[in-house]
Amino acid sequence: MLIIFVKRGTMMLDKNTILKDMAIEEKASLCSGGDYWHTKELKKYNIPRLTMSDGPHGLRLQLKQADNLGINESEKATCFPSGATICNSWDVDLIYKMGEALGEECLKNNVHILLGLGINIKRSPLCGRNFEYFSEDPYLTSKMGIAYINGLQSTGVGACLKHFAANNQEERRRVINAIIDERTLREIYLYAFEHIVKETQPISVMSAYNKLNGRYCTENKELLDMLKNEWEHKGIVITDWGAENNRVEGLIAGNELEMPATNGKSDLQIVQAVKEKVVSEELLDERVGRLLDIIDKLTSNEKLGQSYDKQKHFQLATKIAEESIVLLKNEDEILPIKSKNIVVIGDMAKKPRYQGAGSSTINSEIIENAYDSFISAELKVDYANGYSRLPSAGDKKLRKEACEMAKGKDIVIVFAGLTEEYESEGMDRRTLDIPTNQNKLIEDILKVNKNVVVVLSGGAPVKMPWAHKVKAIVNGYLGGQASGKAMVNVLMGKVNPSGKLSETYPLKLKDTPSYYNFPGSNLNVEYREGIYVGYRYYDTFDKEVLFPFGYGLSYTKFEYSDLRLDKIHMNKDGKIKLTVKVKNVGNMSGKEIVQIYVSKENSHTYRVKHELKNFQKVSLEAKEEKDIEIELDVRNFAYYNIEEHMWCVESGEYEISVAASSRDIKLTQKIQIKSNDPDLKEEKNKKVYKDVNKTLRKDFESRYGKKLPLKKLKFMAATADNTIEQLRFRPIVMPIYIYQKYVKMKKLLKEQNVNKATKVMMDLQKPLRCYVVKKDSKYTEEMLGGFIDLANLRLIRGIKKILNKK
Ligand code: BGC
């Protein structure tokens, strides 16, 4: 019987009827991609294919040669600021608009799912992909994420929330086992996923490459059950590209779609598993049923193909970049620029660093640099390059030229920051330093002119050894295609800066809470610092920082008053209404980000000093005062009770603070909360950490509640699951590793080919099994087996298999 899967608008055929008619082979075929970016089409049932594309800060549509690392050029699109940047705006309405605009670009190109948003928490500032992610704080991440996904999905285009879960480093991302205790997992690493899923129902969630507590995320039943059953996610789970380890286990755990294509290989495994009753047909139906629902929903969107207003998107990209710029220092009110006698120094003023490398690389429609923007703003500036992107012998000369030019100028604006090779998918940073040639340049300029303004680019915290000497620091992060223009608008005072840091800038790497446990060993990474991530650590243990979480200046000043206790009342639904007056006491209109932190002293359990529980961005004219109303959901005060395995609100006194940053508390009030939730019984939960970043393994093990796995790979135990990098000390593997990493990769980096260099690194860090999945792979299963034998020193057997090839 031929059943037609009817498009919406006509009568929709019951999906159960289709499922009843389909052969197991047909159902299984829908569970993996048709190629790199599409699902399979099933003509017989008129089931169309879905088109997917990266994400997240623009559309990376690849019509020609497909890859998932941004190596091959994609179609032109609007390049919005990256995730780390937009989060500094704390502007949910603006992010909603960005999501909406991204949806419109997808519609125009008939893309059904945009592979974003990435929301992994910034455990360490070194994670190479932090530029894509939002924050070290789960609450801020969830609020910004909700806005983005609601905006995107309002167009009928599906989001893909990634990378689920605990993909907090790039080093060995495809094999590393993240070991995280239950409370930390819930409160820090899953919190934003939970809230975004519950509030937005993203069409899809992407299961991460890494293992979480011993199981690949793609086949981690506990994790995917939580998503589907506890949080009631109705959409589908898609594997990260090439992340599937065991397809049948993955399907059982809850992965509907494996991407990209496996050329039928994994479909056959599913068919066999159903035939052998390892997987029930009902389970397969449940997975395929979800796929059919999503395919029907996304492909029947009547707005598909509709065009959009490019200019409007460009303007929006500029506006978001402006709102996200963070003014970190402004001594003597050197900014906004008041003089015409200025010099602009730094390669990045002409060639901006505006996005990171890897799968999110957008082929930007236009790129507006700062130098040209000064000229268009009719400010004639002198210019010197100052440094080369990759430090070279010529730098000394460039510095000299720059210093000559800086002499006698009223203001010297130096554009500096992280260069391309520092921030990429697939690689973590090793240091917080910016390139030495740039630090030297700033120091040299300071010797001839004290009026130095540093404009920073980069998607993550850096060290600023010159911070106390320069007059001003403005951080534009990675501002997308309009980064240069937006920065000039702020420098010249056309826009009053209003961004605030969504992550802490530590003084040095050693101060970071994960310092001794990042990126972990060959096999595992132990999250020993627990819930003490970002400001939760620095503020609880009174550590000095360079710039705190939530910090950012404005060209005007704000005053807070009248946190009205009498106005705080408990509603029936357990909400608190907080009212506070905020006044712009300066002479320029501006915006303030009012932050609410909650703390609980004398708790039954260990606690961090305070946690962000709400915020509001307020716009105020000069001298204007407003009453700000902010609601607090008491359920949000909960901690995760590991005895009851549930979120519990503890009864007692809480302190609510209104703040301009996590270190700038303006007003506080106390409230009493009565709760019926169960309290912890065991004394051990009270144990307070001493020096979090030095937590001993045995203490972590006791908190984890299970025996910790081996730290190192046992000799002779190499399997197809291991990577070349993990096996690099084996005699056969060592020369391959050395050549790839120290010859090939170095050469590519020298040529500034960051994406290709990253690919080499990623190949060294991908499980050996992945080398044989591709149809056109030059390696066979037999050769793979041979290579593993060689790594295990079974030489004759290995050579025979390799020669045999099959
Ligand atoms: C990345 C994902 C991306 C996918 C497709 C993977 O390498 O981790 O974030 O969406 O490739 O390009």
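Residues numbered from 1 in each chain as written. Predicted model: local features only at pLDDT ≥ 70, side-chain atom pairs only at ≥ 80, totals over all residues. Heavy atoms only, no water.

**Student:** I'm lost on the packing of helix H15 (residues 395-406) against helix H16 (residues 436-448) in this one. Help?
**Tutor:** When two helices pack together, their arrangement is given by the angle between the helix axes and by the axis-to-axis distance. With their axes 9 Å apart at the nearest point, H15 and H16 run at an angle of 30 degrees to one another. One element, H15, and the other, H16, form an angle in the roughly parallel class. H15 and H16 meet at a crossing whose hand is right-handed. Packed against H15, whose contacting residues are Asp-395, Arg-399, Ala-402, Cys-403 and Ala-406, the element H16 presents Asn-437, Lys-440, Leu-441, Asp-444, Ile-445 and Val-448 at the interface. Its residues assigned to classes, the contact of H15 with H16 comprises six nonpolar, one polar and four charged. (Axes fitted to C-alpha atoms, helices over the stretch in contact; angles between N-to-C directions. Helix = DSSP H or I, 4+ residues; strand = E, 2+ residues; numbered from the N terminus. Parallel < 35°, antiparallel > 145°, perpendicular 65-115°, else oblique. Left-handed = near helix turned anticlockwise from the far one by under 90°. Contact = heavy atoms within 4.5 Å. Nonpolar A, V, L, I, M, F, W, Y, C, P; charged D, E, K, R; others polar.)

**Student:** What should I look at first to understand the site of the ligand in this one?
**Tutor:** Lining the immediate environment of the ligand, one finds 15 residues, of which Asp-54, Arg-129, His-163, Asp-240 and Glu-425 sit closest. Taking Glu-425, its side chain carries an N or O atom lying 2.9 Å from an oxygen atom of the ligand. Here the ligand loses 100% of its free accessible area of 310 Å² to cover by the protein chains. (Near = heavy atom within 4 Å. Polar contact = N/O pair within 3.5 Å; in protein donor to acceptor, adjacent residues only side chain to side chain. Areas by Shrake-Rupley, 256 points an atom, 1.4 Å probe, with all protein chains shown as cover.)

**Student:** Explain the sheet that holds strand E22 (residues 590-600) to me, please; I cannot follow it from the model alone.
**Tutor:** Hydrogen bonds between backbone atoms are what pair the strands of a sheet, whose relative direction is either parallel or antiparallel. What the four strands build is an open sheet, ordered E23-E22-E27-E28; its pairing is antiparallel. This sheet does not close on itself; its edge strands, each paired only once, are strand E23 (611-620) and strand E28 (664-673). Each adjacent strand pair in this sheet contributes to an overall mean axis angle of 20 degrees, direction not counted. Taken together, the six bridges between E22 and strand E27 (residues 652-661) define a ladder with antiparallel strand orientation. Bridge pairing links Gln-595 to Ala-659 in E27. (Pairing = 2+ DSSP bridges.)

**Student:** What exactly am I supposed to notice about the packing of helix H5 (residues 138-153) against helix H7 (residues 191-200) here?
**Tutor:** One way to put it is that H5 packs onto H7 with a least axis distance of 9 Å and a crossing angle of 30 degrees. For the pair H5 and H7, the crossing hand works out as right-handed. For the pair formed by H5 and H7, the contact residues are Pro-138, Tyr-139, Thr-141, Ser-142, Lys-143, Gly-145, Ile-146, Ile-149, Asn-150 and Gln-153 on the first element and Tyr-191, Ala-192, His-195, Ile-196, Glu-199 and Thr-200 on the second. When its residues are assigned to classes, the contact of H5 with H7 shows seven nonpolar, seven polar and two charged.

**Student:** Honestly, the nonpolar core in this entry has me stumped. Any pointers?
**Tutor:** When a protein is soluble and globular, its nonpolar side chains tend to lie buried together. Counting 108 residues, the largest nonpolar core has Tyr-148, Phe-164, Leu-578, Leu-612, Phe-637 and Ile-656 as the members making the most contacts within it. With eight residues, the top contributor of residues to this core is H5. Setting aside anything within four residues of it in sequence, one finds Phe-637 in contact with Ile-576, Val-598, Arg-607, Lys-613, Leu-632, Tyr-654, Ile-656, Ile-671 and Ile-673. Listed in part, the 64 residues of the second largest apolar core include Ala-84, Ile-334, Leu-441 and Val-452. (Core = buried A, V, L, I, M, F, W, Y, C linked by side-chain atoms within 4.5 Å. Buried < 20%, exposed > 50% of the residue type's maximum accessible area, 1.4 Å probe, protein only.)

**Student:** Can you help me understand H16 in this one?
**Tutor:** Because the α-helix completes a turn every 3.6 residues, residues three or four places apart line up on one side. For H16, with 13 residues, the first-to-last C-alpha span of 19 Å sits near the 18 Å given by 1.5 Å per residue. If you check which residues of H16 are buried, you get Asn-437, Gln-438, Asn-439, Leu-441, Ile-442, Ile-445 and Leu-446. Buried residues along H16 sit against strand E11 (342-345), helix H13 (347-350), H15, strand E14 (411-417) and strand E15 (452-457). (Expected span 1.5 Å × (residues − 1).)

**Student:** I keep staring at unusual backbone geometry and nothing clicks. Help me out?
**Tutor:** Peptide bonds are, in most cases, trans, and in most cases residues other than glycine have a negative phi. The omega torsion of the bond from Phe-164 to Ala-165 falls at 5 degrees, within 30 degrees of zero and hence cis. Structurally, Ala-165 can be placed in the loop between strand E4 (158-164) and strand E5 (177-179). For Asn-263, which is not glycine, the phi torsion reads 55 degrees and is therefore positive. Position of Asn-263 among the secondary structure elements: in the loop between helix H9 (247-253) and helix H10 (265-275). Not every positive phi belongs to a glycine, and His-645 is a case in point at roughly 55 degrees. Considering the arrangement of structural elements, one finds His-645 in the loop between strand E25 (639-641) and strand E26 (646-648).

**Student:** Looking at this structure, I do not really get the packing of aromatic side chains. What am I missing?
**Tutor:** Each aromatic ring pair is summarised here by two numbers: the centre-to-centre distance and the angle between the ring planes. What the rule picks out here adds up to 23 aromatic pairs. Residues Tyr-191 and Trp-647 carry aromatic rings whose centres are separated by 6.1 Å and whose planes lie at 80 degrees to one another, so their mutual orientation is edge-to-face. Residue Tyr-191 is located in helix H7, and its partner Trp-647 is located in strand E26; the two are separated by 456 residues in the primary sequence. For Tyr-191, a relative accessible area of 7% puts it in the buried group. Residue Trp-647 is classed as buried on the basis of its relative accessible area of 18%. Joined through ring pairs, the aromatic side chains of Trp-90, Tyr-139, Tyr-535, Phe-549, Tyr-597 and Phe-615 make up one cluster. Against the face of Tyr-371 rests Lys-350, its NZ or CZ located 4.4 Å from the ring centre. Just above the ring of Tyr-654 sits the side chain of Lys-600; from NZ or CZ to the centre is 5.3 Å. (Phe/Tyr/Trp six-rings, centres within 6.5 Å; stacked < 30°, edge-to-face > 60°. Lys NZ or Arg CZ within 6 Å of the ring centre and 35° of its normal.)

**Student:** Teacher, can you tell me more about a nonpolar patch on the surface here?
**Tutor:** The grouping of Phe-715, Met-716, Leu-793, Leu-795, Ile-796, Ile-799 and Leu-803 at the surface amounts to a nonpolar patch, some 710 Å² of accessible area in total. One can find Phe-715 in the loop between helix H19 (697-704) and helix H20 (734-750). With a relative accessible area of 49%, Phe-715 lands in the partly exposed category. (Patch = residues over 30% accessible without salt bridge, like charges linked within 9 Å, V, L, I, M, F, W, Y side chains within 5 Å. Salt bridge = Lys/Arg side-chain N within 4 Å of Asp/Glu carboxyl O.)

**Student:** Explain the pattern of salt bridges here, please?
**Tutor:** Per the stated rule, a full pass over the model turns up 75 salt bridges. Across the salt bridge formed by Glu-170 and Arg-173, the nearest N and O atoms sit 3.6 Å from each other. Like Glu-170, the residue Arg-173 is buried in the burial classification. Its salt-bridge partner being Lys-500, residue Glu-592 comes within 3.1 Å of it at the nearest N-O pair.

**Student:** Would you mind going over the pairing of strand E21 (residues 575-584) with me for this structure?
**Tutor:** Looking along a regular strand, one sees side chains alternate from face to face of the sheet. Bridge analysis of strand E20 (residues 558-561) against E21 gives four bridges, and the strand direction is antiparallel. The residue of E21 that forms the bridge with Phe-558 is Asn-584. When E21 meets strand E24 (residues 625-633), the two strands line up antiparallel, connected through nine bridges. Bridge pairing in E24 places Val-582 opposite Lys-626.

**Student:** Even after reading the chapter, I still don't get the sheet that holds E5, so can you show me in this structure?
**Tutor:** With respect to topology, four strands assemble into an open sheet ordered E8-E7-E5-E18, the strand pairing being mixed. The open sheet has two free edges, formed respectively by strand E8 (215-216) and strand E18 (524-526), since each of these has just one partner strand. Sheet topology places E5 next to E18; three bridges connect them, and they run parallel. Following the sheet pairing, Ala-178 is matched in E18 by Val-525.

**Student:** What is the right way to look at the confidence of the model for the protein chain in this model?
**Tutor:** Residues shown with low pLDDT carry predicted positions that ought not to be read at fine detail. Overall, the predicted model of the protein chain reaches an average pLDDT of 93, with 96% of residues at or above 70. Confidence drops under a pLDDT of 50 for residues 6-12, and excluding neighbours within four residues, the segment shows 11 contacts in the predicted structure. (pLDDT = per-residue confidence, 0-100.)

**Student:** What's the story with the side chain of Ser-424 in this structure? I'm lost.
**Tutor:** As for its placement among the helices and strands, Ser-424 is situated in the loop between E14 and H16. For Ser-424, a relative accessible area of 1% translates into the label buried. Within polar-contact distance, the side chain of Ser-424 engages the side chain of Thr-758 at 3.0 Å. With sequence-adjacent residues up to four places away left out, Ser-424 is seen in contact with Gly-128, Arg-129, Phe-131, Glu-170, Ala-357, Gly-358, Val-754 and Thr-758.

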